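# Structural features, examined
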Amino acid sequence: MSTAVNDVHEHEHEHPEGFWGVLGRWLFTTNHKDIGTLYLWLSFIMFFVGGAMALVIRAELFQPGARIVSPEFFNQMTTLHGLIMVFGVVMPAMVGLANWQIPMMIGAPDMALPRLNNWSFWILPFAFSLLMSTFFMSGPAPDFGWTFYAPLSTTYGPKSTDFMIFSIHLMGLSSIMGAINVIATIFNMRAPGMTLMKMPIFVWSWLVTAFLLLGVMPVLAGAVTMMLADRHFGTSFFNAAGGGDPILFQHVFWFFGHPEVYILIMPAFGVISEVVSTFSRKKIFGYRFMIYAIVAIALLSFIVWAHHMFTAGIPLVTELFFMYATMLVAVPTGVKVFNWVATIFKGSISFEAPMLFAIAFLFLFTMGGFSGLMLSIVPADYQYQDTYFVVAHFHYVLIPGSIFAIMAAIYYWLPKWTGHMYNETMAKWHFWLTVISINITFFPMHFLGLAGMPRRIPDYALQFTDFNRIATIGAFIFGFSQLLFLINVVRTVRGHGPRVGAKVWEGAHGLEWTLPSPPPYHSFTVPPEIKN
Amino acid sequence: MKNNFPVFISRICLLLGSWFCISSAYAESRINMPQGVTPMSHDIYALHMMIFWICVSIGVLVFSVLIYSLIKFRKSKGAVPADFHEHTVVEITWAVIPFLILVAMAIPATKVLMRMDNTDDADVTIKIVGYQWKWKYEYLDQGISYFSNLSTPVSQLNNQAPKNEWYLLEVDRPLVVPIHQKIRFLVTANDVIHSWWVPALGIKRDAIPGYIHESWARIEKTGTYRGQCAELCGVNHGFMPIVVEAVTPEAFAAWVQQQTAGKTSLPPDIKKEKSQAELLKQGETLYTTHCAICHKPEGTGMPPAFPALKGSVIATGPVKNHIAMVLNGKPGTAMQAFKEQLSDEDIAAIVTYERHAWGNDDTPRYGKEAGGTVQAAQVASQRAESTHEKLN
Amino acid sequence: MSHDTKSSYYLPAPSHWPILGSAALFCTMFGAAHWLHGNSYGPYLFALGIAVLLFMVFGWFGAVIKESLAGFYDKQVDHSYRWGMVWFIFSEVMFFGAFFGALFYARISAIPELGGDTTSIFTASTLTHYLIWPNFTAHWPVLHNPDMAVFAGPKQVMEAWGLPAINTLILLTSGATITWAHWGVVKDKRKHVLWGLLFTVLLGISFLICQAHEYITAYEQYQLRLDSGIYGTTFFMLTGFHGLHVTLGTIMLIVILIRAYLNHFNPKHHFAFEAVSWYWHFVDVVWLFLFVFVYWL
Ligand code: HEA
Ligand code: HEA
Ligand code: CUA
Ligand SMILES: [Cu+2]
C-alpha cells in the first residue's frame, strides 16, 4: 500500500526519500491513510502470529497423548492466541479500516486529531512487544486463558502476568484514544449536508463501536489494575479470605468482555452493509432500522455480560435477568440479517470476492448467532459452558463474522486505496478454500462440545479423536490458504493488476468513490457537496 | 478454475474419508449431548433439542430466501435491481416475530431453571472440593472423606503404552452415590477455580475458592458416569477427571458401612518400623499417584513453576524440612498441604522414596543429610508439632 | 508541511512526539514490571520512562500551544479538542466505575454471602457461611475479615464527618472558585482569573495535604491498610486513584495559571482552560460519590 501512495506524486505533498526519510514518514505520520495502512499491516502480521499459535494448538490436538508441546506450553498458546486474535488482529484491522474510510466517507480531509491518531497506533507495537516478551522470560508466559480469571492469574499466576497486565493497559489506552478520535471525527468533520442519518452505515457502525470502546476499555484497565494490586499490594479484591470474591473478577472482566465481542463484530456489520448493497446494485434495505438495530445491540451489550458466568453459581434472579437480556440481542441482530437478505432480494447480484465473503458472512455468522442463542439458555449452557461448543460458537462469529468482513472490506476497498485491481481468480481461490476449510475446522467442534470435550485441554479422551483430526486438517488448510490472501494484497499494493477508475464497482455509491483511485493524500481538502 | 474445484473438493473428501476409516478403531464418536440419567439432564436435553430445532427452522427459512435470491437475481442472468428500500411494517413484523419466538423459548427455560435451583430436602449431602488437580469428596452426614486422582498411567499419557478405553477419564477412587435419592452437592475449591462437570447428571458447577455453590441430582440408573474439570485451573486442567459410581441404595449403605468401619477397626500402628525396601516400594506407588503429576515420574518437575525434586535442596537436605514441606505445603503455590490427604505412613514412604530416587541419596554429592529413611512416627511427631504451632 | 493545504481544517505536520510517547510508555511499564519483580534496574527504567513521558507531554503540548497562539485553530479544530476532552473524561468515569462496581459488589453480594445473610437475593448459597466462614459476620465496613490470619482487619474505620467532610467542603469550594475564574476569562478580567485559579490550586493542595494526613492516620493508628481486607482494599484504591487525579488536576491547574499569567487566553479562545476546569469538576463529582459511598453510608 505504501508504494501506491507514493505513486501519486501529488504536487502539494512530497514524501521523504531514503531509509531515514521513509522510516520517519511512517513513524511520525499524522495522515489517516498512512496510519490506516500501519494498522492493517500490524493486524496482518499478528494474524499470522496468532494463527501460527492456533496451528500449534491444533497440531497438539491432532490425536490423543502428549505429542508436540507440553501442557504448560499449550496453555500459553491458547492464552496468547486468544489475546492476539482479539486485541492484535480484529481490533487493529477494524481501526485501520476506520482510519482509511471514515474521512473519505464523510467528506473530511483527515481524522480530527491526527497526532493522537499516530499515538494510538504506535502504542500498539510496543504493547505487543511487551506481551510477546513474556515468551523470552524465565517462567511461563501467561497461561490462564485470554479471560485470565482470578485467582489463577493473581495468586497463582506466573511472573510474566505483570507484563501482560501492563500490555493490556497500553492496548486500552490506544483503543480509548482511537475511539475518541473516531467520535470527534464523526461529530465534527462531516461535510456540510452529511447529516447523521445520511452517513454510510459503516460510519454509523464505527460511531457506535467507538462508544462501546469508551465504555468498556477503562473497565478492563480497572480489572487488570485490581489484579495487579491483588498480586503485589496485598489487596483482596478476589480473595474470599479478605472479604473479596473471585467471581467479582468475572463480573468486571465480562462487563468489558461482552461488549468487546460486539466491538469486534459491529464494524463488520457496517462493512457487510456496504458490500451487500454495492454488489446487489440496490440501496441498503431499511437504512433507518439498520441503525436502530446497531444502537440497540450496543445498548443491550452492556447488560448481558453474566451470560459468560452462568455456571459460576450466580443467584437465580441474576441468571434469569441475564438470560432474558441475552436472548433479546437476537431481535436487533435478526433485523440486520433480514435487512441484508431483503437488500439482496430483487437486486442485481454479481459475485466478486467482496460479495462472496459477504454472502459467506450471512450464512455462517447467522449460524454462529444461533449457537450463541443456544448458549444463552441457562440450563442448556450448564452443559455447553467451557466446552468446544463454545469454541465453535465464537469462531463462527469471529472468523466468518469479523475476519470475513475484514477480508471483504480489503478486497472491496483495496482497488480504491492502491488504484489497482487485485487478482480476482486468486481471490476466488482464496475464498473457496477459506470457506470450505473454515467449516471443516469448526463445524465438528459443535459435536465435540456436545459430546463433552472441555476447552483448554491439551489432551483428550479417545472418543473425541475423529472430530479433532478433522478440525486439525481444516485448520491447516485454512491457515495456508491465507497465504494466497497475503500474496494477492502484496501484488496489488506493488502495482500489479489493472488500473481502476474512481468508481471501482458498478453498484458502489458513497463519497469515497468520487475521489480518484488512489485518493489524494488528504482526502477532501475542499468539503464535497452532499446531494439528495 | 471452475474445473479445478470439484477435483479439489473430492480430494478433501477422500482425505477425510480415509481418516475416518483409520480412526474408527478408536471409541465411537458422539455428535449430540447425552440425554443423561437425572431429571435435570432430561430437562436440559429437551430444551437443547427445542432451541436447536427452532434455530434450524429459522435458519432454513432465512437461508432459503437467501439462496433463492442469490440464484434468481443474478446480474449474469440479466437481473435488474428493484428500487424498494424501506418498509416500516415489514421491519416491525420481523422484529416482533422473533421476539415472540424468544418468549416461547424463555418460558420453559425459566421453569427448568427454577426447578434446578431447589436443593432442599436432600437425602445425601456431599461436599466437593477442587484441588490442583484432583477432587476431594466429603460425605457430610456419613463422615467419609477422600481424594480422587487421575489413574491413567503416565506411560499412556506419553504414548509409551497403548491407551485404554477410559484414557483420561478414570480415577483411583470414584464418587459413590445412591440412585433414586436426592443428592445435594456443595461445590467449592481449595486453590483456584475448577468446575465439577458430569454431563450425564446435567451438572456443571464452578468450584470457587472460599465460596460454596450448590447443585443436586436424583440419578435414575445405576452405572458409571464420567466427566471432567471444566474450568481452566492450571497446567493439568485436562487431567482431573470425575467418575461417579451410581449404586443401589442398599449397595450404598453397605459401602458407607465398609468405609466407616474400615476406619475405626484398623488403627494404623505408627510405632511399627518398616524396612527401607518396604518404604521405597510403597513410596514409589504413592509418589506416582500424588506427586508425579507436578514433579514428574523422573523427578524433573516442570521448572520453574514446579521444581525438580531430583537433586533439590529440600529433598537432599535436612529431612525435617522435607517432611514439613509435604505436610504443610507452601501456601499460595500449587504445593498444597498433604497432611489431610496422606497418612503418616504414606508420607514417610513418599519422603523416603524421594530421598533415594533419582540419585538423591548420593551423599558425596549432596552432603550427609541426603538419603536416609523416614518412619511414620517421625512424621506423626512433626504433624503434632505443626498443629500445635497453628493453635498458638 | 501539510498546513498549507487548501483545507480550512488545521492538519498538523508529521510529529515525533507520539512515537516518543509510545517508547516512553513502554519503558515505564517494562520498568515497573521489573521493579515489581525486585530487579534492581526496574525503578531506573521506570523513572526514565516517566521522565521521557513528561518531556513528551511538554513538547507536544508546547507545540499545540504554539499552533494555537499562531491562530491555526479555527472553530472546528476547537470543537475536535472539545469532543476529545469530553469523551476522555467519560472514559475516566468508566474507570472509576469499575472500582465503584467492585465496592458495590462487595457490599451487596460478597460480604452478605460470606456472612450468611439469608435475606439478600444476591446470596447464592448460605452454606458458604456455615461451612467455610462460620465465624464471619456480615457488616460494612468490615473490621473482622473472614480469615484474620491472612488479612488482619483494621482497628477502626474512617469517620465521614471529620476530615473527609472538610475535604468535601474544600473540593466544593474549589469547584466554585474555578467557575469564578472561568467567568473572569469570559469577561476578560485578568486579575479575577489569576486569583480564581490560585485559590483553586491552593484548595487542591490543601485537599491533598488533608488526604495525606488521613492516610497516615489510617496506616499508623487505625491499622487500616491496603492489605486490611476488602474494606481497606476498596477504600485505598478508590480514594487513592481519586487522589492521583486531584494531583494531576492540580498540576494542570498550575500550568493553566501560568498560561493565564502569560496572557494565553482570551474570551473566545480558551479551550485549555475549559478542559482543565471540566476535568476539575469531574474530580469533584467523583469525590462526592466517594464521600457518600466510601465514607458515609
Ligand atoms: C463477534 C463476536 C461474537 C458475537 C457477535 C457473539 C454473539 C452472541 N453470543 Fe457469543 N461469544 C463470543 C463472541 C461473540 N458472540 C466469544 C468470543 C465467546 C467466548 C468467550 C470465552 O469464554 O472465551 C462467546 C460466548 C458466548 C456465551 C457464553 C458461553 C459460555 O461460556 O458458556 C454466550 C451465552 O449466552 C453467548 C451468546 C451470544 C449471543 C446470544 C449472541 C447474539 O449476538 C447472536 C445473535 C444472532 C442471531 C440469533 C442470529 C441471527 C438472528 C436471526 C436470524 C433472527 C431470528 C432468530 C431467532 C429468534 C432465534 N456467547
Ligand atoms: C478473531 C479471533 C480469532 C481467530 C481469527 C481465531 C482463529 C483460529 N482459532 Fe481461535 N480462539 C480465539 C479467537 C480466534 N481464533 C479465542 C478468543 C480463543 C479462546 C482462547 C482461550 O480459551 O483463552 C480461541 C481458542 C481457540 C481454540 C481452543 C483452544 C483451547 O480451548 O485450548 C482453538 C482450537 O482449535 C482455536 C483454533 C483456531 C484456528 C484453527 C484458527 C484459524 O482461523 C487460524 C488460521 C491460521 C492462520 C491464519 C495461520 C497462518 C499461518 C501460516 C500459514 C503458517 C505460517 C507460519 C509461521 C510464519 C510460523 N482457537
Ligand atoms: Cu480443575 Cu480444571
Ligand atoms: Cu458475551
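These figures come from a predicted structure and were not determined experimentally.

Within chain B, the regular secondary structure consists of 12 helices and 10 strands. For chain B, the accessible area works out to roughly 18,400 Å², and carbon and sulfur atoms hold 61% of it.

Our focus in this paragraph is the site of ligand 2. All names here are of chain A. For ligand 2, the set of nearby residues contains 31 residues, the closest of which are Arg58, His81, Trp146, His395 and Arg456. Within the side chain of histidine 81, a nitrogen or oxygen atom sits 2.8 Å from a nitrogen atom of ligand 2. One of the side-chain nitrogen or oxygen atoms of arginine 455 is found 3.1 Å away from an oxygen atom of ligand 2. Of all elements in the fold, only helix H3 (32-60), helix H4 (71-106), helix H14 (388-418), helix H15 (424-451) and helix H16 (465-493) reach the threshold of two or more residues within the shell around ligand 2. For the shell around ligand 2, a count of residues per class yields 20 nonpolar, eight polar and three charged.

The next subject is the domain arrangement of chain B. All names here are of chain B. Each assigned domain of chain B is listed with its residue range as follows: domain 1 (4-116), domain 2 (124-264) and domain 3 (276-391). Summing both partners gives a buried area of about 930 Å² for domain 1 against domain 2, and 63% of it is carried by carbon and sulfur. If you sort the residues of domain 1 by the area they bury against domain 2, Val37, Thr38 and Met40 come out on top, with a joint share of 54%. Here domain 1 and domain 2 share zero salt bridges between them. At the junction of domain 1 and domain 2, the tally comes to six residue pairs in polar contact (both at pLDDT 80 or more). Where the side of domain 1 that touches domain 2 is concerned, the elements lending two or more residues are helix H2 (39-72) and helix H3 (88-117). When residues in the side of domain 1 that touches domain 2 are grouped by element, the largest group, five residues, is from H2.

To continue, consider the interface of chain A and chain B. Interface size is commonly expressed as the accessible surface area that is lost when the partners come together. Contact residues are listed per partner, giving 111 residues for chain A and 107 residues for chain B. With both chains or domains summed, chain A and chain B bury close to 9,700 Å², and 72% of this area falls on carbon and sulfur atoms. Inspection of the region where chain A meets chain B yields two salt bridges. The closest approach of N and O atoms between A:Glu506 and B:Lys75, which form a salt bridge, is 3.3 Å. At 10 residues, the largest contribution of residues to the side of chain A that touches chain B is made by H15(A). Its residues assigned to classes, the side of chain A that touches chain B shows 69 nonpolar, 23 polar and 19 charged.

The next subject is the coordination of the iron atom of ligand 1. Residue and element names in this part refer to chain A. Just one protein atom donates to the iron atom of ligand 1; it is His393 (NE2), sitting 2.1 Å from the metal. The distance between the iron atom of ligand 1 and the copper ion (ligand 4) comes to 4.5 Å. Structurally, the position occupied by histidine 393 is in helix H14.

Residues and elements named next belong to chain A. With distances of 2.0 Å, the protein atoms coordinating the iron atom of ligand 2 are His81 (NE2) and His395 (NE2). Considering all six donor atoms around the iron atom of ligand 2, angles at the metal cover 87 to 180° and the coordination shape is octahedral. Within this pair, whereas histidine 81 is found in helix H4, its partner histidine 395 is found in helix H14, the two being separated by 314 residues in sequence. Of the two residues, histidine 81 and histidine 395, neither departs from the other in class, the shared state being buried.

Here we come to the confidence of the model for chain B. Reading fine detail from the predicted coordinates is not recommended where pLDDT is low. Residue and element names in this part refer to chain B. Per-residue confidence for chain B averages 85 on the pLDDT scale, and 88% of its residues sit at or above 70. No element of chain B has a lower mean pLDDT than helix H1 (residues 4-23), at 50, and none a higher one than strand S6 (residues 194-198), at 96. In the model, residues 20-26 has pLDDT below 50 throughout and makes 10 contacts with residues more than four positions away in sequence or in other chains.

Below, the discussion takes up the interface of chain B and chain C. Contacts between the two partners involve 10 residues from chain B and, on the opposite side, 10 residues from chain C. Approximately 760 Å² of surface area, both sides summed, lies buried where chain B meets chain C, with 67% of it carried by carbon and sulfur atoms. In this structure, the connection of chain B to chain C is made through three residue pairs in polar contact (both at pLDDT 80 or more). Every element with two or more residues in the side of chain B that touches chain C is listed here: strand S5 (182-189) and strand S8 (213-218) of chain B. Considering each element in turn, the side of chain B that touches chain C owes the most residues, three residues, to S5(B).

About the cut-offs
Numbering of residues starts from 1 in each chain and follows the order in which that chain's sequence is written. Chain letters start at A and ligand numbers start at 1, both assigned in the order the entries are written. Confidence filtering applies because this is a predicted model: local features only for residues at pLDDT of at least 70, side-chain atom pairs given and counted only at 80 or more, and all residues used for totals across whole chains, interfaces and linings. As a rule here, side-chain values cover all heavy atoms of the structure and leave hydrogens and water aside. A run of H or I in DSSP counts as a helix once it spans at least four residues, and a run of E counts as a strand once it spans at least two, with each numbered from the N terminus. Using a 1.4 Å probe, the Shrake-Rupley method yields the accessible areas, and only the shown protein chains count as cover for residues. Neighbouring residues are identified by heavy atoms, a residue being near a molecule or strand if any of them is within 4 Å of it. Polar contacts here mean pairs of N or O atoms no more than 3.5 Å apart (in protein, one a potential hydrogen donor and the other a potential acceptor; neighbouring residues in sequence count only if both atoms are side-chain atoms). Under the scheme applied, nonpolar residues are Ala, Val, Leu, Ile, Met, Phe, Trp, Tyr, Cys and Pro; charged residues are Asp, Glu, Lys and Arg; polar residues are all the others, including Gly. An automatic or database domain assignment supplies the residue ranges for each domain. By definition, the buried area sums, over both parts, the 1.4 Å-probe accessible area that each loses when the two are put together. The working definition used for a salt bridge is a side-chain nitrogen of Lys or Arg within 4 Å of a carboxyl oxygen of Asp or Glu. Here a residue-residue contact requires only that any non-hydrogen atoms of the pair lie within 4.5 Å. Distances up to 2.8 Å from the metal define which N, O and S atoms are donors, and 3.2 Å serves for Na, K and Ca; water is absent from the atom set, so sites may look incomplete. Only four donors with every angle between 85 and 135 degrees are called tetrahedral; only four or six donors with opposite donors over 155 degrees apart and all others between 65 and 115 are called square planar or octahedral, in that order; all others are irregular. Burial here depends on accessible area, computed with a 1.4 Å probe over protein chains only, as a share of the maximum for the residue type. Under 20% is buried, over 50% is exposed, and the range in between is partly exposed. Values of pLDDT, which run from 0 to 100, indicate the predictor's confidence residue by residue.

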